[in-house]
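# A structural walkthrough
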Amino acid sequence: MSLPFPSAERLAASDQALRSLPGYSNHQPGANEFAVLDPSTEERIATLPSLSPEQAIEEVAIAHQAGRDWAKTTPRHRSDTLHNAYQVLIATKERLAYVISREMGKTLAEAQGEVQYAADYVRWYADELLRPAGGYRDNPAGGSTILTKRAPVGLALLIAPWNFPMAMITRKIAPAIAAGCASVIKPAGLTPLTTLLTVELLAEAGVPRELMRVVTTTQSSAFSEAVLADPRIRKISFTGSTSVGSTLMGLAAKNIVKSSMELGGNAPLIVFDDADLERAVEGALLAKLRNGGQSCVAANRIYVQDGIADDFVEAFSKRMSEMVLGHSIAEGVDLGPVINRDAVNNFQRLVDDAITRGAELRTGGRAPEGAGYFFEATVLDRVPLDSDIANTEIFGPVAAISRFSTQQEVLQRANDTPFGLAGYVFTENLDRALNVADQLETGLVGINNGVPSNPAAPFGGMKQSGLGREGSHEGLEEYQEVRYYNIARRETR
C-alpha cells in the first residue's frame, strides 16, 4: 500500500521551518542528547540537549528572578505584550504548522488549526487579565471593610504533552504571563520543537526570555523530583496520564504547591434514536478523529441506541473508510501517522482482541506496511463490554461502537469509569440533551457538537481526570492567589 507523500515544495518548506529553529542541529545524538523523529518517516529531524536536573535548577533560578520583576508590571503592559504576541504567532502560522506536522504527525490542515487555537488562548488572556477578580464590601458585623484582590501565585512549572504541542503550551503559559508569573517549561520529549519555536516567538513579541525557561530532557522523573523540591516553585500545571499526574501531585504536596492536572479521559459519545443522523455522524467523526484520535477528549466509547444504530454504523463506517491516510504534510491527506510504534502495536492488539471476543470489523483494522507509524481509520461494531478496547483509553483512530436500549442503561455505562473529562450527547430533544448532560460525570459535554473546546470556556475534568481548569477566567485564577484585607473603620464627625 503506497501512501501519499508530500510534494517537493511542501517538503522543502517544512525542512526550512525546521532549520530556522533557534539553535537547530540534526547530528547523530551523542551523550546527553536525544533525537526528535518524524512519525511519517521514522527519520531524525532534529537533535536536542537532554538537560540534567542540576541544569534545570539553574533555569529555575533565572525564571524566579525574572518573575519578581514581571509581577511588578502593569496589567496594561502585560495585555499589550500578549496582544503583540498573538499577532506574531498568527503571522508565523505556516512555519509553526510545518513544525507541528513534522514532529507530531497531524495533517498540515489540522496543524494550522492548532496554531489558531493556540494563539486564541494568548489573545483571550490578553483581554481577560484586564478584568481582575476582587471585591469590596462591608463587614456584616460592622466596624470594618472587607477587600479582596488577586496576586500572582509565583513561579510555575508547566509540563506539556506531545499531542497538541503548541496549544497545550499556550493555554498554560498565556495565563501565567497574564497573571504576572514566570515559568519553567518542560515539553514532551517526542515534540519539543514546537515549544522552542513558540517561546522564541513570544520573546520576539516582547515577553522577557528569562520569564520562560524551556528545559528539554529525557530524565523526566529526575527533573520533576528536583524541580518540585525547590521551594521557589509555587505552581504546577500538568497535562498527561493519570498515573504520572498522581505521582506529580505527591511530589507537589511536599511543598504544598498549587496544582492543576488535566489527566486521562474515557469519553462516552451517546447517539439517541431521535438524533439527526447526518449531524451525529459528522459530530462523531470530529470527536473521534480530531488529531487522529490522539486527544484526551476523543470519543472513546460510542454508544448508539438500537433504533438508529444500523443506519449510524453504516454511514459512520463509510465516512471513516474514506479517510485518506498518508504523510502528515502531503496534499489531500485526512489522517496522518500516530506518535510512535508502540501506539500502532497497541491499536492492533486492541482490535484483534475485540474481534476475537465477537466485535464486527466494519472498516480498517490494520497498519500498512512500510516506514511510518500509520494505522487505518477503523470501526468496530457490537463491541463486547468485556473487551479490552471497551475499558481503556484508545488514543487513536479506532472507533469502538456498542448499542443500548434505554437512557438509564447508557448513563450507567457511560459513568462506569474512574475518569470524567468529556462526554458527548446527540439528540434533537432539548430536555433529553440537558438531562443527560446533567447526569454525565464529566467536566465538559458536547451537545450535538464534536469539538466543544474553546478558550473562553473552562476545560478540565472530574474524578481521576484531574483538577483545576484551563481557559476562561478560571484558567487565570489557577495562577493567582486570593488576598484579603480587613480595613478597620470608625465613625468620624
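Not measured: the values here are computed from a predicted model.

### Quick word on the side chain of Arg403
Counting through the fold element by element, Arg403 comes out in strand β14 (residues 398–404). For Arg403, a relative accessible area of 16% gives the class buried. Within the structure, the side chain of Arg403 is placed 2.7 Å from the side chain of Asp310, a separation counted as a polar contact. A polar contact is formed between the side chain of Arg403 and the side chain of Asp381, at a distance of 2.7 Å.

### Considerations on the pairing of strand β4 (residues 144–152)
In this sheet, β4 lies alongside strand β3 (residues 135–138) in antiparallel orientation, the contact comprising four bridges. Within β4, the position partnered with Arg137 by the bridge is Ile146. The hairpin turn running from β3 into β4, its antiparallel successor, is five residues long, and Gly142 in that turn takes a positive phi close to 85 degrees. With nine bridges connecting them, β4 and strand β20 (residues 480–488) associate as antiparallel partners. The residue bridging Thr145 from the neighbouring strand is Ile487, located in β20.

### Brief notes about the sheet that holds strand β6 (residues 183–186)
Two strands in a sheet stick together by hydrogen bonds in their backbones, pointing the same way (parallel) or opposite ways (antiparallel). The sheet built from six strands is open, its strands ordered β7-β6-β5-β8-β9-β19 with mixed pairing. Strands at the two margins of the open sheet, each flanked by one partner only, are β7 (212–214) and β19 (466–467). Alignment of strand β9 (residues 258–262) against β19, held across two bridges, turns out to be antiparallel. Bridge pairing links Met261 to Leu467 in β19. Against the sheet, helix α7 (residues 193–204) touches β6 and β7, its axis set at about 155 degrees to β7.

### So, the sheet that holds strand β13 (residues 378–381)
Strand order in this open sheet of seven strands is β12-β13-β14-β11-β10-β16-β17, and the pairing throughout is mixed. Whereas interior strands pair on both sides, the edge strands pair on one side only; in this sheet they are β12 (360–363) and β17 (444–447). Each strand axis lies, on average, 25 degrees off the axis of its neighbour in the sheet, ignoring direction. Each of β12, β13 and β14 is contacted by helix α12 (residues 341–356), which is oriented at about 25 degrees to β13, the strand it contacts most.

### Quick word on the nonpolar core
Ranked by internal contacts, the top residues of the largest apolar core, which has 84 residues, are Leu157, Leu193, Met212 and Ile236. Residue contributions to this core peak at ten residues, all from helix α5 (residues 108–128). Setting aside anything within four residues of it in sequence, one finds Ile236 in contact with Leu157, Ile159, Leu228, Leu248, Ala252, Val257, Lys258, Ser259, Ser260 and Met261. Residues Ala284, Leu285, Ala287 and Ile401 belong to the second largest nonpolar core, which totals 36 residues.

Rules and cut-offs
- Residues numbered from 1 in each chain as written.
- Predicted model: local features only at pLDDT ≥ 70, side-chain atom pairs only at ≥ 80, totals over all residues.
- Heavy atoms only, no water.
- Helix = DSSP H or I, 4+ residues; strand = E, 2+ residues; numbered from the N terminus.
- Buried < 20%, exposed > 50% of the residue type's maximum accessible area, 1.4 Å probe, protein only.
- Polar contact = N/O pair within 3.5 Å; in protein donor to acceptor, adjacent residues only side chain to side chain.
- Pairing = 2+ DSSP bridges.
- Contact = heavy atoms within 4.5 Å.
- Axes fitted to C-alpha atoms, helices over the stretch in contact; angles between N-to-C directions.
- Core = buried A, V, L, I, M, F, W, Y, C linked by side-chain atoms within 4.5 Å.

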